[in-house]
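Below, each chain spelled out in residue letters.
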Amino acid sequence: MTTPLPLTVESFRDAFPAFTSATYPDAAVASRLALAARFFSAPMWDDPDVRQHVIGLYTAHHLEVLGSKASGGSGSGGGASAGLVSSKSVDGASVSFDTATGSWDGAGFWNLTPYGRELWYLMQVYGAGAIQL
């Protein structure tokens, strides 16, 4: 008998409305939710509300990095590039972002999306124990 997931596809879509079924198939969402439920186990993440939130952040981050169905799921992401515009050109239609601002040192892959950055922060806070300075 399998344990029900703490976050269903429907409840994930309610909490993260940008991830519609038109752009992210149910199967892709369900597989990431299942992985996240294993990675963020109940003994470590004993508050059910916080656990559901980090499972949602993990899922949203990976879906965004992998790219939407509309973008072919090529891994280019559905908006993972973000930050302050640091340069631009008009005729070549180019833009560059300052991705260091708002990024966490040492977070690497998790800095690619806002969901990943929040998840990284929460993992640091909860991993540090009960006392925060």
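Residues numbered from 1 in each chain as written. Predicted model: local features only at pLDDT ≥ 70, side-chain atom pairs only at ≥ 80, totals over all residues. Heavy atoms only, no water.

Caption draft 1: Seen up close, the environment of tryptophan 120. Within the element layout of this structure, tryptophan 120 appears in helix α4 (residues 114-127). In this structure tryptophan 120 comes out as buried when scored by relative accessible area, which is 18%. C-alpha of tryptophan 120 to C-alpha of serine 103: the two residues are 17 residues apart in sequence and 10.0 Å apart in space. (Helix = DSSP H or I, 4+ residues; strand = E, 2+ residues; numbered from the N terminus. Buried < 20%, exposed > 50% of the residue type's maximum accessible area, 1.4 Å probe, protein only.)

Caption draft 2: Fine view of the packing of aromatic side chains. One pass over the full model with this rule turns up ten aromatic pairs. Seen in terms of ring centroids, tyrosine 58 and tryptophan 110 are 6.1 Å apart; in terms of plane orientation they differ by 45°. Their pairing is tilted. Taken together, the residues tyrosine 58 in helix α3 (residues 48-66) and tryptophan 110 in the loop between β2 (94-98) and α4 connect sequence positions 52 residues apart. For the pair formed by tyrosine 58 and tryptophan 110, the shared burial category is buried. (Phe/Tyr/Trp six-rings, centres within 6.5 Å; stacked < 30°, edge-to-face > 60°.)

Caption draft 3: Structural context of the nonpolar core. Membership of the largest hydrophobic core comes to 25 residues, with the highest contact counts inside it found for Phe12, Phe19 and Phe40. Mapped onto this core, the elements with two or more residues apiece are α1 (9-15), α2 (26-39), α3 and α4. In terms of residues, this core owes the most to one element, α3, which gives seven residues. (Core = buried A, V, L, I, M, F, W, Y, C linked by side-chain atoms within 4.5 Å.)

Caption draft 4: Here's a closer look at α3. End to end, α3 covers 27 Å across 19 residues, agreeing with the expected 27 Å (1.5 Å per residue, within 8%). The buried fraction of α3 amounts to 14 of the 19 residues, a majority that puts the element mostly inside the structure. Where α3 begins, one side-chain oxygen reaches toward the backbone nitrogen of aspartate 49, 2.9 Å away; that side chain belongs to aspartate 47. (Expected span 1.5 Å × (residues − 1). Polar contact = N/O pair within 3.5 Å; in protein donor to acceptor, adjacent residues only side chain to side chain.)

Caption draft 5: Here's a closer look at the pattern of salt bridges. Enumeration according to the criterion identifies one salt bridge in this entry. Of the charged contacts, one joins arginine 13 and aspartate 26 as a salt bridge, the two residues approaching to 2.6 Å between their closest N and O atoms. In this pair, arginine 13 is assigned in helix α1 and aspartate 26 in helix α2, connecting sequence segments 13 residues apart. On the accessibility criterion, arginine 13 (14% relative accessible area) is buried. (Salt bridge = Lys/Arg side-chain N within 4 Å of Asp/Glu carboxyl O.)

Caption draft 6: Highlighting the environment of phenylalanine 19. Turning to its location among the elements, phenylalanine 19 is positioned in the loop between α1 and α2. On the basis of relative accessible area, phenylalanine 19 is assigned to the buried category, the value being 1%. Taking C-alpha positions, phenylalanine 19 is 8.7 Å from glutamate 64, a pair spaced 45 residues apart along the chain.

Caption draft 7: The confidence of the model for the protein chain, seen in detail. Per-residue confidence for the protein chain gives a mean pLDDT of 77; residues scoring 70 or more make up 66%. Counting contacts from residues 74-85, a segment whose pLDDT is below 50, to residues more than four positions away or on other chains yields 31 contacts. (pLDDT = per-residue confidence, 0-100. Contact = heavy atoms within 4.5 Å.)

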